[in-house]
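Survey of secondary and tertiary structure
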Amino acid sequence: MIGLISATAAGAAARDRLAAAWPDRTRVYDAPVGEAVRLAFAECEQLVCFLATGAVVRLLAPLLAGKASDPGVVCVDESGRFAVSLLGGHGGGANELAREVGALLGAEPVVTTATDAVGLPGLDTLGFPFEGAVATVSRALLDGEPVALEADFAWPLPALPVSEHGSYTVRLTDRAVEPGAREVLLRPPSLVVGVGASKGAPAEEVLALIEEALRDAGLSAASVAELATVEAKSEEPGIVSAAARLGVPLVVHPARELAAVEVPNPSGAPLAAVGTPSVAEAAALARGGELLVPKRKSARADGRPAMATCAVVRRPGRGRLAVVGLGPGARDLLTPRAAGELRRASVVVGLDQYVDQIRDLLRPGTRVLESGLGAEEERARTAVAEARAGHAVALIGSGDAGVYAMASPALAEASDDIDVVGVPGVTAALAAGAVLGAPLGHDHVSISLSDLHTPWEVIERRVRAAAEADIVVTFYNPRSRGRDWQLPKALAILAEHREPETPAGVVRNASRPDESSRLTTLAALDPATVDMMTVVTVGNTATRNIAGRMVTPRGYRWQASGTREDAR
């Protein structure tokens, strides 16, 4: 919960805007300021104070307990110009909150945390438990000192400016080791503990067994991602309580699914009891991985039979492939989600000219794999291969990555051994449409006139179908030096079904500094003025030129009848 505190009418107005935008995330404190800050500090994970930073500093000073427990605090000035991350930038999430508040209120986020200021991810913000000299190693990264990354196994980390060797170390491990004086240990969620238990097994027995198994194997409990068991034991109190005390989810699997998992130590007892010859090992191995601790039973001081079993598996880190649409070219049409994926990636793959558009957004240490025109399939294969190697990869393309871009060749290469995320972008057709007016107000279709990958016979059939169906058409790849006859042919097909005066729009480099556009007609459109940087849109029989704008009415019945009963 985010506590909101203000002292003046102007502050209250901004406070109320935030409360209205985030009704489920915020709580307004109307008490006197000093009391409000004390209450919110005790009750909330974050605070937004519409007060001077000096006043907030004095109010907070007696309340501070430590970096790990204090809430994140953001200050917004009286005029709403700045949103200052004051306390808990990383641990309390104040840096990100300052950016969110700034975006909502139109304020400039002010973040002074050193790593954020230079675009480095904080070692304490990667989402992993961590141990060791975070401040020391972070300072080494900031100062350009050689910092080595040692990973016991592949994991999709964001970009870090690390070296092969260094006097400082970032180590990714699930082993129970102590960090050195110049070392940070990152604990990835790599371990799955499979658990079986008899009815009524005490939570203490289950938990003691898990802790003993991890300790004997030299593994860190901080890397346990989940407890897993058979569906029949999903409500067994001892297992449920053990998961809660470890702070991890309990994942359950149907008996028939576990019965199909090959294990080294099957048994007849669980087969008779719950329908699978293995619970602990099979549940741990249900989604693959390396068995580190085979099934073991709990030991009871009273000499009675064991009531719990467990096994431990290490799952490899799944690589991550984000297929990112950069939009038509203008930076303000690059979505925040796309920018976030670029910052999250340790490897960026793309066409050289597209990489140049976003190079400044990449974090230090990002590995860039760029190539020229005509290497789309190669880039797709490269991106998938990098993700399979355990990296966080962003494969970039213009417009929307799923429209005449990189998503289809990449997904044709990818299998289910990596995570794939699609990030939509503003397409060239949408950008051109916005320049022209509203040509896509009703049904429309996009058709590429490039016959490099599609036979012209197929393209022509599609153009003819759109012409006959009276659908607005946007032509991608309309004309190049080596392909100068396809656009005239396509326009001639449309002319068989549409009047010569049908509005047509031509937009070149939509949204970019050298953007140009013109509104013409189907008959007057000159193909010689069109190139590969151009989008051509031809209206249908309802499209009109209204005040110099290309408009295709949606066709509401009220427009014809004079009533508005169908309007939405």
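See the structure shown above.
Bear in mind that the values here come from a model prediction, so they are computed numbers and not experimental data.

Sheet architecture is open: five strands sit in the order S22-S23-S26-S24-S25, paired in mixed fashion. Each edge of the sheet is formed by a strand with only one pairing partner; in this case those strands are strand S22 (444-448) and strand S25 (516-521). Averaged over all adjacent pairs, the angle separating strand axes in this sheet is 15°, with direction ignored. Relative to strand S26 (residues 534-538), strand S24 (residues 503-508) runs antiparallel, the two sharing five bridges. Bridging from a neighbouring strand, Ala 504 pairs with Val 538 of S26.

Summarising the element assignment, Arg 315 is placed in the loop between strand S15 (308-314) and strand S16 (320-325). On the basis of relative accessible area, Arg 315 is assigned to the buried category, the value being 16%. Among the polar contacts made by the side chain of Arg 315, one reaches the side chain of Glu 226 at a distance of 3.1 Å. Apart from the residues within four sequence positions on either side, Arg 315 is in contact with Trp 155, Ser 190, Val 192, Glu 226, Ala 284, Arg 287, Gly 288 and Gly 289.

For the rest of this paragraph, the subject is the nonpolar core. Residues Val 193 and Leu 227 are the most contacted members of the largest nonpolar core, which totals 23 residues. Among the elements of the structure, strand S11 (191-197), helix H7 (203-217), strand S12 (224-230), helix H8 (237-246) and S15 are those that each provide at least two residues to this core. The element best represented in this core is H7, accounting for six residues. Beyond its immediate chain neighbours, meaning those up to four positions away, Leu 227 contacts Val 193, Val 195, Ile 210, Ile 239, Ala 242, Ala 243, Leu 246, Val 248, Pro 249, Leu 250 and Val 251. In terms of nonpolar packing, the next biggest core, distinct from the first, is built from 21 residues, Ala 466, Ala 467, Leu 491 and Val 506 among them.

Turning our eyes to something else, we now look at the environment of Glu 457. You can see Glu 457 is positioned in helix H17 (residues 456-468). You can call Glu 457 exposed: its relative accessible area is 55%. Between the C-alpha atoms of Glu 457 and Pro 146, which are 311 residues apart in sequence, the distance is 59 Å.

Conventions and cut-offs
- Residues numbered from 1 in each chain as written.
- Predicted model: local features only at pLDDT ≥ 70, side-chain atom pairs only at ≥ 80, totals over all residues.
- Heavy atoms only, no water.
- Pairing = 2+ DSSP bridges.
- Helix = DSSP H or I, 4+ residues; strand = E, 2+ residues; numbered from the N terminus.
- Axes fitted to C-alpha atoms, helices over the stretch in contact; angles between N-to-C directions.
- Buried < 20%, exposed > 50% of the residue type's maximum accessible area, 1.4 Å probe, protein only.
- Polar contact = N/O pair within 3.5 Å; in protein donor to acceptor, adjacent residues only side chain to side chain.
- Contact = heavy atoms within 4.5 Å.
- Core = buried A, V, L, I, M, F, W, Y, C linked by side-chain atoms within 4.5 Å.

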